[in-house]
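Geometric and topological summary
Below, each chain spelled out in residue letters.
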Amino acid sequence: MNELALPIEPQLLVVVAPHAARDQMLELAATLAVRGPLRVVDAGNQFNAYPVARAVRRHTARMRAALENIRLARGFTCYQVLAMLEQLQPSSQPTLVFDLLATFYDEDVPLPQSLELLDQVLPHLSALSKAGPVVVSARPPGTVVAERLPLLQKLLDGADAVYPLLPPEALQAARRLPAPRQLGLPLDPD
Amino acid sequence: MTPASELTGWLFDLYADPQDGVTLWLLGDDGRRHRLRQAFPITFYAAGPPARLRELCRFLKSQPVPVELAREERRRDLFQPSRQPLLAVRVLLASDQPRLFRQVARRFPDLTYYDADVHLSLRHAAVYGTFPLARCRVQAGPDGTVTALEVLDSPWDLDPPRPELRILEMEPDVDPARGEPAALELRSGRLRYRLPLRPARPLLVNLRAILQRLDPDLLLTNRGDTWLLPLLLDLSEEHDLPLPLNRAPGRGVARRGERSYFSYGRIVYRGSQVMLFGRWHIDRANAMMWNDYALEGVLESARVTSLPVQEAARLSPGTGISSMQIRQALVQGVLVPWRKQQSEQPKTALQLIESDQGGMVYQPLIGVYSSVGALDFISMYPSIMVRCNISPETVPLRHVEPSDADPGLVPRTLAPLLEKRVALKHRLAGMPGWDPRRATDKARSSAQKWLLVTCFGYLGYKNARFGQIEAHEAVTAYGREALMRAKEAAEDHGFTVLHMYVDGLWLHRPGASQPADFEPVLMDILERTGLPVSLDGIYKWVAFLPSRVDERTPVPNRYFGAFQDGSIKVRGLACRRHDSPAWVGSLQMRLIEIFAKAGSAEELPDYLNEALNSLHRDLTALSEGRVPLEELLVTQRLSRALDRYTSPSPAARAALQLRQVTGREMRPGQKVRFLFTRGEPGVHAWDLPEPPDPRQIDRERYRELALRAAREVLEGLRVLPPEPTLLPLEKYTRR
């Protein structure tokens, strides 16, 4: 499964995959940009405009107009990501959030605090998804922060739908079980 | 405590004390070490809705910690358009502040905090202008209470007076990673001691006597953080024999645990740390840049950042530059955000393409050239930040240009450091090789260089208090512009630009072989860009190499060459790679050194035979088992936990061996040393208790590595017939 289906319905769709499905999310951004405006919140320093431009060019000759359709902002800490989502107004435009959990996996932020901040983020995502489609990509935690799996579980619990680019059993495990080492969930390759 | 009323000397240590406010240690001009105390209240600030601030006031008044509360409106958050009312919380006893603040932040997470987690030494620096080893004049009462403190020199002085430090070196007789140490070796000046580790009681008694007798200022250890001091502390506790590692009586040591973390896309391991009070402990093996600049560089780093010496030794230059910015902010009355929440202003993907391009690279013209001048912009990015006034609050424009406006926080922080580095570089350039100040100046210059190198990255770093991505992008934007202007200037002067790489240019013009030939173009570049540029040197010959995969494709920053003064510069070759065995690196350097005798590119073939003979000698030594095993060691870093490798790398296989044989667990980011061996598992971990059987060494693999390194040089210089396979080289290396 290499491509993401175009989100049309207002809903919160979470995509879980190694590298937070970066390539698929970029492709999705390009496809949406050809159709109209969209918003991108890059929480994992993943948005690369060049592959998006190349993908856009495959769809249309009006590349500049399509790239102007993408409005993005990057957050480098979980506090910034929360602040960015707080500032986003509900809109019918699609919203893509790249690698949402990257900054929440930051080992400099204590896990209880990351969980607390994610608790504040989820209602904003939910509110945004009532007005337009919201696609959030995430990845399992890396080996250095394997104990942060509850963050992923929390995100999955808040989703309307989950797009599994991970093996289904791993995703099920992430939903149900508490500790990463018991799960056998593939952690993100560092 | 000292009854003297006035003391002069060097500020040695400074830390919070539960009774005294802060404790200061002064290395007095009288040769004594003075312990002083000083009242030093700490203030942090909270912002938010008035009702919540009132609740916070009530909470603070209910706490047992003595505080003074006030309304504050003068200080400025650089990321806010206007000043806002703040609650100033003045904690009278510095040691109470961290715990009180943690309670406050837990109870009032919705408020915004400033100046909340600033290092005590930076706060003191902002108030008194202090820094480690500052010359100070102190008025003190009979009980050692400081009534006045005056700093007599500046961190920006080129030749700061330095005290005679008493240094005690301590290290185990065997690297604990490789075997079981039996004794502790100690050195101080001409004194030498060897203390057996067992039995423990005599060790502790003897060590205690030595510490008391020598009273060292600095314990300089090898593996002191991760092995030696924890061992000594355990033994001391076990035998109930206190060990005066601290100079300050009655205090425990400060310990920090080990950790692995991500930095610039790779996993880094940091060992545990043990720091002392009233005395410094530096573990050479755990000091961040020790191999680069040693104690002189650590002291310079501490002086200019105001961080305590023990911290400066262990922290990255990035933390150093961040500390300088925080100190500057405190001096200017700018608020230091506890957590920066301001994110990037939204932009379109098209704007992102235009703004987020990084440094400019102009691919090299593959080949070997003579009469090539290497030009470098001096500290290009810091110079741009200072010259163009790039700082979060100065809102970088789309097209950045040099500016004479009132400098922002970041340029104000960098300007004196940049000035000092340039002055030191000029002094070094004119200093003869025998000058005893040369080594010191080079170490200090290196410490400054690392701070300046990281200051640009910190504009875009996630945890930088005063970082801003737009400012980060503005720096590279002007860097690209400056390089383009330099290229135009060079071409106007008749030069061919062979290569450009971020802040350097390689210019070629037949016959341009003297510094004077490059003077006009240097002046022109300075005029067109406003940035200082220097001639790094003139190459007798330089080779720009192609990609290993496709010989038609150039590769940026992969070259080697010999300057007119005989020095050699190499980038991107095996001898520069950290995972190349030392033997391979030396073999390659020997080849380059032979060719460095050539006066020009035309003379290079004259040295081919000598180079091939050298290579032959090295390969013969390998096949006859005469290369010491240490020279064949490969060092690689573990990129993940061992059980997360699906196909273990050689480093992972070596770490698995260590786990199986010794039970030693290695963490992601740690480096593993190993040898390539024949058969399974193909490696032998160097730190295994059993030495490897030399007959098992995979000589064929090392031979391949050697030939690959030789080929980089010989093919790069185009001195071999154009047959790109390994076999012809084999043929040429056999007599």
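Keep in mind it's a predicted model, so treat the numbers as computed, not measured.

Right, let's talk about the overall build of chain B for a bit. If you tally the helices and strands in chain B, you get 19 helices and 30 strands. The C-alpha radius of gyration computed for chain B amounts to 29 Å, which stays within 12% of the reference 27 Å derived for 735 residues, consistent with globular compactness. Judged by the C-alpha coordinates and their principal axes, chain B covers about 85 × 70 × 55 Å. By residue count, 53% of the 735 residues in chain B fall in the buried class. Taking all contacts inside chain B whose residues are at least 6 apart in sequence as the whole, residues at least 24 apart take part in 65%.

Residues and elements named next belong to chain B. Each assigned domain of chain B is listed with its residue range as follows: domain 1 (6-36 + 135-147), domain 2 (42-128) and domain 3 (361-572). Averaged C-alpha coordinates put domain 2 and domain 3 at centres separated by 42 Å. Across the contact, four residues belong to domain 2 and six residues belong to domain 3. Between domain 2 and domain 3, the buried area comes to about 450 Å², and carbon and sulfur atoms account for 64% of it. In terms of surface lost to domain 3, no three residues of domain 2 exceed Leu 78, Phe 79 and Asp 117, which account for 91% of the buried area on that side. Linking domain 2 to domain 3 there are one salt bridge. Between Asp 117 and Arg 465 there is a salt bridge, with the nearest N and O atoms lying 2.9 Å from each other. Our count for the domain 2 to domain 3 interface comes out at one residue pair in polar contact (both at pLDDT 80 or more). Of the residues assigned to the side of domain 2 that touches domain 3, the class counts are two nonpolar, no polar and two charged.

Let us now look at the interface of chain B and chain A. Contacts between chain B and chain A engage 33 residues on the former and 30 residues on the latter. Carbon and sulfur atoms supply 53% of the area that chain B and chain A bury against each other, a total of about 2,900 Å² over both sides. The interface formed by chain B and chain A holds three salt bridges in total. We note a salt bridge from Glu344(B) to Arg74(A), for which the minimum N-O separation is 2.7 Å. Where chain B packs against chain A, one counts 10 residue pairs in polar contact (both at pLDDT 80 or more). Secondary structure elements with two or more residues in the side of chain B that touches chain A: β15 (259-263), β19 (347-348), α9 (349-355) and α13 (469-492) of chain B. The dominant element in the side of chain B that touches chain A, judged by the number of residues it contributes, is α9(B), at five residues. Residue composition of the side of chain B that touches chain A, by class: 12 nonpolar, nine polar and 12 charged. Where strand β3 (residues 70-74) of chain A lies against β19(B), two bridges are found, and the strand directions are antiparallel. Residue pairing for β19(B): Arg71(A) is matched across the bridge by Thr348(B).

Moving on: the sheet that holds strand β6 (residues 86-91) of chain B. All names here are of chain B. The strand order across the open sheet formed by four strands is β5-β6-β4-β7, and the pairing between neighbours is antiparallel. Edge positions in the sheet fall to β5 (67-72) and β7 (112-114), since each of these pairs with one other strand and no more. Here the average twist between neighbouring strands, direction ignored, is 25 degrees. Where strand β4 (residues 42-47) meets β6, five bridges bridge the pair, whose relative direction is antiparallel. When the bridges of β6 are listed, Tyr 45 appears paired with Ala 88. Helix α2 (residues 97-107) rests against β4, β5, β6 and β7 of the sheet, and its axis sits at about 10 degrees to β4.

This paragraph deals with the sheet that holds strand β29 (residues 671-676) of chain B. All names here are of chain B. Overall, antiparallel pairing links the three strands, which are arranged β28-β29-β30 in an open sheet. Unpaired on one side and paired on the other, β28 (634-637) and β30 (683-685) mark the two borders of the sheet. When the angles between neighbouring strand axes are averaged without regard to direction, this sheet yields 45 degrees. Bridge count between β29 and β30: three bridges; the pairing is antiparallel.

The subject of this paragraph is unusual backbone geometry. All names here are of chain B. With an omega of -5 degrees, the peptide bond between Arg 198 and Pro 199 qualifies as cis. The topology assignment puts Pro 199 in the loop between β12 (191-196) and α4 (200-214). The omega torsion across Glu 680 and Pro 681 is 0 degrees, close enough to zero to call that bond cis. Unlike most non-glycine residues, Ser 306 shows phi in positive territory, near 70 degrees.

Residue and element names in this part refer to chain B. Under the criterion given, the structure shown has 19 aromatic pairs over all chains. Where Trp 506 meets Phe 544, the ring centres are 6.2 Å apart and the plane angle is 90 degrees; that geometry is what we call edge-to-face. Taken together, the positions of Trp 506 in strand β24 (residues 504-508) and Phe 544 in strand β25 (residues 533-546) put the pair 38 residues apart, joining distant regions of the chain. For Trp 506, a relative accessible area of 6% translates into the label buried. Looking at Phe 544, the relative accessible area reads 1%, which means it is buried. When the centroid spacing of 5.2 Å and the interplanar angle of 70 degrees are considered together, the rings of Trp 506 and Tyr 559 count as edge-to-face. Placement of Trp 506 in strand β24 and of Tyr 559 in strand β26 (residues 554-563) is noted, with a sequence separation of 53 residues between them. Residue class for Tyr 559 comes out buried when judged on its relative accessible area of 2%. Members of the aromatic cluster, joined through ring pairs, are Phe 44, Phe 101, Tyr 113 and Trp 338. The ring of Trp 25 has Arg 247 lying over it, and the distance from NZ or CZ to the ring centre is 6.0 Å.

With that settled, consider the packing of helix α10 (residues 380-387) of chain B against helix α12 (residues 437-459) of chain B. Packed helices, taken two at a time, are described by the angle between their axes plus the distance between the axes. Residue and element names in this part refer to chain B. Where α10 contacts α12, the axes come no closer than 8 Å and their chain directions differ by 60 degrees. The angle between α10 and α12 places the two elements in the oblique class. Crossing of α10 over α12 shows left-handed handedness. Counted together, Tyr 381, Pro 382 and Met 385 of α10 and Leu 452, Cys 455, Phe 456 and Leu 459 of α12 form the full contact between these two elements. In the contact of α10 with α12, the residues fall into seven nonpolar, no polar and no charged.

In a soluble, globular protein the nonpolar side chains are often hidden away together inside. Residue and element names in this part refer to chain B. Core analysis: the largest hydrophobic core is formed by 60 residues, its most contacted members being Trp 541, Phe 560, Trp 583 and Phe 595. Of all the elements in the fold, those that place two or more residues in this core are β25, β26, α15 (582-595), α16 (608-623), α17 (650-662), β29, β30 and α18 (699-716). Apart from residues lying up to four places away in sequence, Trp 583 is in contact with Asp 618, Leu 619, Leu 622, Val 627, Glu 631, Leu 632, Tyr 702 and Ala 706. Ranked by size, the runner-up nonpolar core spans 45 residues in total, among them Val 304, Phe 377, Met 380 and Cys 455.

Cut-offs used in this document
Residues numbered from 1 in each chain as written. Chains lettered and ligands numbered in written order. Predicted model: local features only at pLDDT ≥ 70, side-chain atom pairs only at ≥ 80, totals over all residues. Heavy atoms only, no water. Helix = DSSP H or I, 4+ residues; strand = E, 2+ residues; numbered from the N terminus. Rg over C-alpha atoms; globule rule 2.2 N^0.38 Å. Buried < 20%, exposed > 50% of the residue type's maximum accessible area, 1.4 Å probe, protein only. Contact = heavy atoms within 4.5 Å. Domains from an automatic or database assignment. Buried area = accessible area lost by both parts, 1.4 Å probe. Salt bridge = Lys/Arg side-chain N within 4 Å of Asp/Glu carboxyl O. Polar contact = N/O pair within 3.5 Å; in protein donor to acceptor, adjacent residues only side chain to side chain. Nonpolar A, V, L, I, M, F, W, Y, C, P; charged D, E, K, R; others polar. Pairing = 2+ DSSP bridges. Axes fitted to C-alpha atoms, helices over the stretch in contact; angles between N-to-C directions. Phe/Tyr/Trp six-rings, centres within 6.5 Å; stacked < 30°, edge-to-face > 60°. Lys NZ or Arg CZ within 6 Å of the ring centre and 35° of its normal. Parallel < 35°, antiparallel > 145°, perpendicular 65-115°, else oblique. Left-handed = near helix turned anticlockwise from the far one by under 90°. Core = buried A, V, L, I, M, F, W, Y, C linked by side-chain atoms within 4.5 Å.

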